[in-house]
Amino acid sequence: MADRVVESSDVQVPEIPEILEKVLLFSLEEAKEKMLQGEDVVPFTALVVKENLFLENHPGESAEECFNYARHTVEHARGAAAYALCYDGYIEVDDGTKDALIAEGGVPGEDEGYAVGYLYETGEDGAPVFEKEPAYVGAAPNFMIALQDPESYADDDIEERYLEEAEDGNE
């Protein structure tokens with residue numbers, strides 16, 4: 001999904017809401033584990049609804065198609081507290097382009113989202129070698145901009161599949 005553009009920033013790392021920070025870092029770790037096992041990272045969303053986390057893959061023929069599938073999944077997820085969209089991409093830095101696992105996400109009602117990522121290089125054996133710490137990449141679109149605080153929704157307003165899975169205890 002290398003065609004995505006996230007506005008990078010040289011400014012200080014902003015205060016990221018705790019629930020969002022957790023889902024962004026969880027998503028990066030999931031993607032990192034896949035890559036370390038030799039698997040491709042299919043773009044996916046992680047959506048926090050009540051006490052549950054729902055993961056959904058968004059394969060597509062182009063970065064734009066994956067992005068649109070993810071937006072469609074998240075933008076009307078009433079009752080969700082946060083989301084992350086995670087993908088394998090790259091970021092441009094002063095000395096060129098670097099491969100990166102990127103997770104971007106947001107919370108309901110905020111104007112902007114945030115993007116974080118793990119820079120990596122491909123080792124001699126073909127396996128990825130990741131930086132030790134994730135880096136703040138910059139501001140990102142927030143697919144949840146039109147949603148309200150999750151507490152303002154009654155169970156009747158929340159998509160049934162999230163409630164059913166939550167009742168069953170499934171992720």
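Right above here is the structure, for reference.
**Student:** Honestly, the environment of Arg71 in this entry has me stumped. Any pointers?
**Tutor:** Mapped onto the elements of the fold, Arg71 is located in helix H2 (residues 63-74). A C-alpha to C-alpha distance of 5.8 Å links Arg71 and Phe143, two positions 72 residues apart in sequence.

**Student:** Can you walk me through the pairing of strand E6 (residues 113-122) in this structure?
**Tutor:** A regular strand places its side chains so that they alternate between the two faces of the sheet. Where burial is concerned, most of E6 is hidden: eight out of the 10 residues are buried. Bridge analysis of strand E5 (residues 96-106) against E6 gives seven bridges, and the strand direction is antiparallel. Opposite Ile102, over in E6, you have Gly117 as the bridge partner. Where E5 hands over to E6, the hairpin turn is made up of six residues, of which Gly109 adopts a positive phi near 80°. Where E6 lies against strand E8 (residues 135-140), five bridges are found, and the strand directions are antiparallel. Of the residues in E8, the one forming a bridge with Gly113 is Ala140. Direction of pairing for E6 relative to strand E7 (residues 128-130): antiparallel, over a ladder of three bridges. Paired with Glu121 across the bridge in E7 is Val129. Count of turn residues in the E6/E7 antiparallel hairpin: five residues, of which Gly126 carries a positive phi of about 90°.

**Student:** Would you take a moment to explain the environment of Glu121 for this structure?
**Tutor:** Along the chain, Glu121 turns up in strand E6. Distance in space between the C-alpha atoms of Glu121 and Glu131 is 8.6 Å, their sequence separation being 10 residues. Residues in contact with Glu121, not counting those within four places in the same chain, are Lys98, Ala127, Pro128 and Val129.

**Student:** Explain the pattern of salt bridges here, please?
**Tutor:** For side chains bearing opposite charge, pairing can occur when the charged atoms are close. Tallying each qualifying case throughout the model produces two salt bridges. The partner of Glu18 in a salt bridge is Lys22, with the nearest N and O atoms 3.4 Å apart. Of the two residues, Glu18 and Lys22 both sit in helix H1 (residues 18-36), four residues apart, roughly one turn of that helix. Judged by its relative accessible area of 57%, Glu18 falls in the exposed class. The closest approach of N and O atoms between Lys98 and Glu121, which form a salt bridge, is 3.9 Å.

**Student:** Just checking my understanding: could you explain the packing of aromatic side chains for this structure?
**Tutor:** As enumerated under the stated definition, the model contains four aromatic pairs in all. Geometrically, the ring pair formed by Tyr118 and Phe130 is edge-to-face, given 6.1 Å between the ring centres and 70° between the ring planes. Of the two residues, Tyr118 sits in strand E6 while Phe130 sits in strand E7, which places them 12 residues apart along the sequence. Taking the relative accessible area as the measure of exposure, Tyr118 reaches 5% and is therefore buried. Summarising the aromatic geometry, the rings of Tyr120 and Phe130 are spaced 5.3 Å apart at their centres and angled 50° between planes, so their arrangement reads as tilted. Of this pair, Tyr120 sits in strand E6 while Phe130 is found in strand E7, placing the two residues 10 residues apart along the sequence. For Tyr120, a relative accessible area of 8% gives the class buried. Three or more aromatic residues joined by ring pairs form one cluster here, namely Phe67, Tyr83 and Phe143. Between Lys32 and the ring centre of Tyr118, over which it is positioned, the NZ or CZ distance is 4.5 Å. A cation over an aromatic ring shows up here: Lys34 above the ring of Phe44, its NZ or CZ 5.5 Å from the ring centre.

Cut-offs applied
- Residues numbered from 1 in each chain as written.
- Predicted model: local features only at pLDDT ≥ 70, side-chain atom pairs only at ≥ 80, totals over all residues.
- Heavy atoms only, no water.
- Helix = DSSP H or I, 4+ residues; strand = E, 2+ residues; numbered from the N terminus.
- Buried < 20%, exposed > 50% of the residue type's maximum accessible area, 1.4 Å probe, protein only.
- Pairing = 2+ DSSP bridges.
- Contact = heavy atoms within 4.5 Å.
- Salt bridge = Lys/Arg side-chain N within 4 Å of Asp/Glu carboxyl O.
- Phe/Tyr/Trp six-rings, centres within 6.5 Å; stacked < 30°, edge-to-face > 60°.
- Lys NZ or Arg CZ within 6 Å of the ring centre and 35° of its normal.

That's the geometry; what it means functionally is another story.
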